[in-house]
Amino acid sequence: MSVVVSTSAPLLPASDTNTVTSTFSLVDYVVFVLLLVLSLAIGLYHAFRGWGRHTVGQLLMADRKMSCLPVALSLLATFQSAVAILGVPSEIYRFGTQYWFLGCCYFLGLLIPAHVFIPVFYRLHLTSAYEYLELRFNKAVRVCGTLTFIFQMVIYMGVVLYAPSLALNAVTGFDLWLSVLTLGIVCTVYTALGGLKAVIWTDVFQTLVMFLGQLVVIIVGSAKVGGLRHVWEVASQHGRISGIVLDPDPFVRHTFWTLAFGGVFMMLSLYGVNQAQVQRYLSSRTEKAAVLSCYAVFPCQQLVLCMSCLIGLVMFVYYQEYPMSTQQAQAAPDQFVLYFVMDLLKDLPGLPGLFVACLFSGSLSTISSAFNSLATVTMEDLIRPWFPQFSEVQAIMLSRILAFGYGLLCLGMAYISSQMGPVLQAALSIFGMVGGPLLGLFCLGMFFPCANPPGAIVGLLAGLIMAFWIGIGSIVTNMASRMAPSPPNISSFSLPSNLTSVTMTTLMPSTTLSKPTGLQRLYSLSYLWYSAHNSTTVIVVGLIVSLLTGGMRGRTLNPRTIYPVLPKLVALLPLSCQKRFHCISYSQVAAMLSRLYPPLPLLLPDLPDSLPSLSFLLPSSSHYLSEPGPSPSNCPGFYPQGSADLVGRRVSAQRGA
């Protein structure tokens, strides 16, 4: 995942970049075109293979027969966009290796989706992640979640297409709109015709191109400056090798805690509940394959992060020995990597083209994933529920039309991005603002059985309001603090492996002249805590509203939509501790309650699930049980036996009253 990296200097608009340091050779153009041709060929191969026999399941879910490795590489490519390839090395070049500690969050950020979100989603046999919200709450919550996701992705996909094209144009003179139109059209064609299988296999190819392009830069660059050992020594001498900063202040942009733990929530918003990733999990042939694909992303993510950081260090040492030109020194940080690559590889025909192919592989993989996921949620969440009479042929045609439509919309958003000027920073930031509230909505449903539909909707709205309040406030404060107006710009940001870690880095100024106070202090919250803050807002507000509106009383709760947190935690304890918390099943609690107090089972969808957290305060007893309960390891939704005592005491108290 790429994480957003803030930059204080804007990208220059295309009209202001009349002087370029390098131009493409014929060989470079051939390499770049070859990327597009091969990507299109892979997509068309899967489109025309079995043409006429395709089903909606094949188009949207790759027939749920994908193996582990291609899914893992596609998961990686989806959020490893061009902005990450440009942004992370620039971050390391300017501020040092503190950002490298983001890799610490990858462990929990991928382990939790593998063992919490994937099992729940996979066993429900979903197509859209937002189907879960209807199964857990109701159709209104599902529609709210879907519309929020569509808004997030539509804003984002135009920017992710336009931003790298603008940077490339500024540095190399590569025609801006030719690259935008070429990428948009190629991506739209193979995504619409080939569906998810074409997207996944082109992602695999584009991931390999990204690895190769970055590896070439590291090898050639380190060889030119004296090797990686020399790179590390020079970087250390100039203070670019950062130690562990243990400052717990959440308003400090990058600390160990911010990167290692704040980054977990950012990862969860991308790899846990984002439709682009969930769709890939669900396309796996088995649940085990889906989990293994999530595991496989971990070493790949670490490798990508290391390569990006090494490029930043090599670039720093290179410019210590070969100082930047005046034009390069005045460029936006987003352009540093491209200037460096053009300087480094200018005497090696074809290699600049390979790096540009690497850059645009990031864009292609991200945009194609956006098109496919948007077409899927629109079809499954907004059209099929209202028009179930569609035949298979009609559904396939409509799905392809939707993908084409989102492709054209992406090109339109790219044009709008070119006209937005400073407002573009806000557009970039919207992606990060929305991810946290959506994560909170899914966590509210999955971990809190008492949460109800009114609580979910109000909580989501509260989270979005909080996100936009702090996010937009940060942008406005940052703009107001600048001494002089800036030209239209794009801030550099690295998205957690791409669809963006949080474009929120763009919200944070690189330096602070004075310590902010009041609301400005709140606006200076580190961008990596945004997902945590906004998702927590959704959960807290959602629970309060749910409790005030009666919880799940009178509503049906699907037990498959709940993740049994307490049983899983108890199962991790030593056996000696587990024996203290003998469990009983839901049915046993229900039977016991019906004998004690016949009307009480009507409240069961709300009552039993709230008992485990309180029952640890009471001694264990089997007084109300006619048979021992199942063991924690065999009972996915058990209730500690003390729960029976607690229920009995509540019933007795009510009778006495």
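Residues numbered from 1 in each chain as written. Predicted model: local features only at pLDDT ≥ 70, side-chain atom pairs only at ≥ 80, totals over all residues. Heavy atoms only, no water.

Quick notes on the overall build of the protein
Piece 1. The helix and strand inventory of the protein stands at 25 helices and two strands.
Piece 2. Among the 657 residues that make up the protein, the fraction classed as buried is 60%.
Piece 3. Partitioning the intrachain contacts of the protein with sequence separation of at least 6 by distance along the chain shows that 87% fall at a separation of at least 24.
Piece 4. Surface exposure of the protein reaches about 24,600 Å², of which carbon and sulfur atoms provide 67%. (Helix = DSSP H or I, 4+ residues; strand = E, 2+ residues; numbered from the N terminus. Buried < 20%, exposed > 50% of the residue type's maximum accessible area, 1.4 Å probe, protein only. Contact = heavy atoms within 4.5 Å. Areas by Shrake-Rupley, 256 points an atom, 1.4 Å probe, with all protein chains shown as cover.)

Topic: helix H15 (residues 351-383)
Piece 1. Taking 1.5 Å of rise per residue, the 33 residues of H15 would be expected to cover 48 Å, and the 46 Å separating its terminal C-alpha atoms lies within 8% of that figure.
Piece 2. Most of H15 is tucked away: 31 of the 33 residues are buried. (Expected span 1.5 Å × (residues − 1).)

Re the packing of helix H3 (residues 68-78) against helix H12 (residues 287-321)
Piece 1. One way to put it is that H3 packs onto H12 with a least axis distance of 8 Å and a crossing angle of 50°. The orientation of H3 with respect to H12, classified from their angle, is oblique. The element H3 and its partner H12 pack so that their crossing is right-handed. In this structure, H3 contributes Cys68, Val71, Ala72, Leu73, Leu75 and Leu76 to the contact, and H12 contributes Ala289, Leu292, Ser293, Cys294, Ala296, Val297, Cys300, Gln301 and Val304.
Piece 2. Residues that form the contact of H3 with H12 fall into these classes: 13 nonpolar, two polar and no charged. (Axes fitted to C-alpha atoms, helices over the stretch in contact; angles between N-to-C directions. Parallel < 35°, antiparallel > 145°, perpendicular 65-115°, else oblique. Left-handed = near helix turned anticlockwise from the far one by under 90°. Nonpolar A, V, L, I, M, F, W, Y, C, P; charged D, E, K, R; others polar.)

Section: the nonpolar core
Piece 1. Grouped together as the largest cluster of nonpolar side chains are 168 residues, with contacts concentrated most on Phe117, Phe121, Tyr132, Tyr271 and Phe340.
Piece 2. Aside from chain neighbours lying at most four places away, what touches Phe117 is Ile112, Leu268, Gly272, Val273, Leu439, Cys443 and Met446. (Core = buried A, V, L, I, M, F, W, Y, C linked by side-chain atoms within 4.5 Å.)

Concerning the confidence of the model for the protein
Piece 1. Per-chain confidence: the protein averages 77 in pLDDT, with 76% of residues scoring 70 or above.
Piece 2. The weakest mean pLDDT in the protein belongs to helix H24 (residues 612-615) at 37; the strongest belongs to helix H6 (residues 131-136) at 94.
Piece 3. Note that residues 1-21 has pLDDT below 50 and, in this model, 112 contacts with residues that lie over four places away or in other chains.
Piece 4. The model gives residues 483-513 a pLDDT under 50, and that stretch makes 165 contacts with residues more than four places away or in other chains. (pLDDT = per-residue confidence, 0-100.)

Focus on the pattern of salt bridges
Piece 1. Inspection of every chain in the model, using the stated rule, returns seven salt bridges.
Piece 2. Here Arg142 ties to Glu134 by a salt bridge, and the two come within 2.5 Å at their closest N and O atoms.
Piece 3. Under the relative-accessibility criterion, Glu134 is labelled partly exposed at 25%.
Piece 4. In this structure, Asp381 and Arg142 form a salt bridge, with 2.6 Å as the shortest nitrogen-oxygen distance. Of this pair, Asp381 sits in helix H15 while Arg142 sits in helix H7 (residues 139-172), placing them 239 residues apart in sequence. (Salt bridge = Lys/Arg side-chain N within 4 Å of Asp/Glu carboxyl O.)

Describing helix H11 (residues 275-282)
Because the α-helix completes a turn every 3.6 residues, residues three or four places apart line up on one side.
Piece 1. Of all eight residues in H11, eight are buried, a share of seventy percent or more.
Piece 2. One side-chain oxygen at the N-terminal end of H11 lies 2.9 Å from the backbone nitrogen of Ala276; it belongs to Asn274. (Polar contact = N/O pair within 3.5 Å; in protein donor to acceptor, adjacent residues only side chain to side chain.)

Overview of a nonpolar patch on the surface
Piece 1. A cluster of nonpolar side chains, namely Phe107, Leu108, Ile244, Leu246, Trp257 and Phe261, defines an oily patch on the protein surface of about 570 Å² accessible area.
Piece 2. Secondary-structure elements contributing two or more residues to the nonpolar patch are helix H5 (105-123) and helix H10 (256-271).
Piece 3. Among the residues examined, Leu108 registers a relative accessible area of 33% and is labelled partly exposed. (Patch = residues over 30% accessible without salt bridge, like charges linked within 9 Å, V, L, I, M, F, W, Y side chains within 5 Å.)

Focus on the environment of Ala114
Piece 1. Take Ala114: it is sitting in helix H5.
Piece 2. Between the alpha carbons of Ala114 and Tyr271 there is a distance of 9.2 Å; along the sequence they are 157 residues apart.
Piece 3. Sequence-distant contacts of Ala114, that is, excluding residues within four places in its chain, are made with Pro119, Val291, Cys294 and Tyr295.

Description of the state of the cysteines
Piece 1. Considering all chains together, one arrives at zero disulfides under this definition.
Piece 2. A disulfide-free cysteine, Cys68 has its sulfur positioned 9.6 Å from the sulfur of Cys300, the nearest such atom.
Piece 3. A residue is classified by how much of its surface remains accessible, and Cys68, at 23% relative accessible area, is partly exposed. (Disulfide = S-S within 2.5 Å.)

Looking at the side chain of Asp28
Piece 1. Inspection of the secondary structure assignment puts Asp28 in helix H1 (residues 26-48).
Piece 2. Despite being buried, Asp28 has no salt bridge partner; Lys346 is the closest side chain of opposite charge, sitting 13 Å away.
Piece 3. Those residues within four positions of Asp28 in sequence are excluded, and the remaining contacts are Pro349, Gly350, Leu351, Pro352 and Gly353. (Lys, Arg positive; Asp, Glu negative; His and termini not counted.)

Overview of the environment of Cys306
Piece 1. Note on placement: Cys306 falls in helix H12.
Piece 2. For Cys306, a relative accessible area of 26% translates into the label partly exposed.
Piece 3. Expressed as a C-alpha distance, the spacing of Cys306 and Trp100, which sit 206 residues apart in the sequence, is 7.5 Å.

Section: the packing of aromatic side chains
Piece 1. Going through the model one piece at a time under the given rule, you end up with 24 aromatic pairs.
Piece 2. On the numbers, 5.8 Å between centres and 80° between planes, the contact of Phe121 with Tyr132 is edge-to-face. You can see Phe121 sitting in helix H5 and its partner Tyr132 sitting in helix H6, a full eleven residues away along the chain.
Piece 3. Here Tyr132 falls in the buried class, since its relative accessible area comes to 0%.
Piece 4. Put simply, the rings of Phe117, Phe121, Tyr130, Tyr132, Phe149, Phe442, Phe447 and Tyr563 pair up and form one aromatic cluster.
Piece 5. In this structure, Lys139 packs its charged tip against the face of Trp386, placed 5.0 Å from the ring centre.
Piece 6. Sitting above the plane of the Tyr322 ring, Lys224 keeps its charged end 5.7 Å from the centroid. (Phe/Tyr/Trp six-rings, centres within 6.5 Å; stacked < 30°, edge-to-face > 60°. Lys NZ or Arg CZ within 6 Å of the ring centre and 35° of its normal.)

Section: the environment of Asp334
Piece 1. Mapped onto the fold, Asp334 is located in the loop between helix H13 (326-329) and helix H14 (336-345).
Piece 2. By relative accessible area, which is 6% here, Asp334 ends up buried.
Piece 3. Along the primary structure Asp334 and Val83 are separated by 251 residues, whereas in three dimensions their C-alpha atoms are 8.2 Å apart.

Describing unusual backbone geometry
Piece 1. Non-glycine residue Ala62 carries a positive phi angle of around 55°.
Piece 2. Here Ala62 is to be found in the loop between helix H2 (56-61) and H3.
Piece 3. We classify Ala62 as buried; its relative accessible area is 1%.
Piece 4. The phi angle at Arg64 is positive, at roughly 55°, despite the residue not being glycine.

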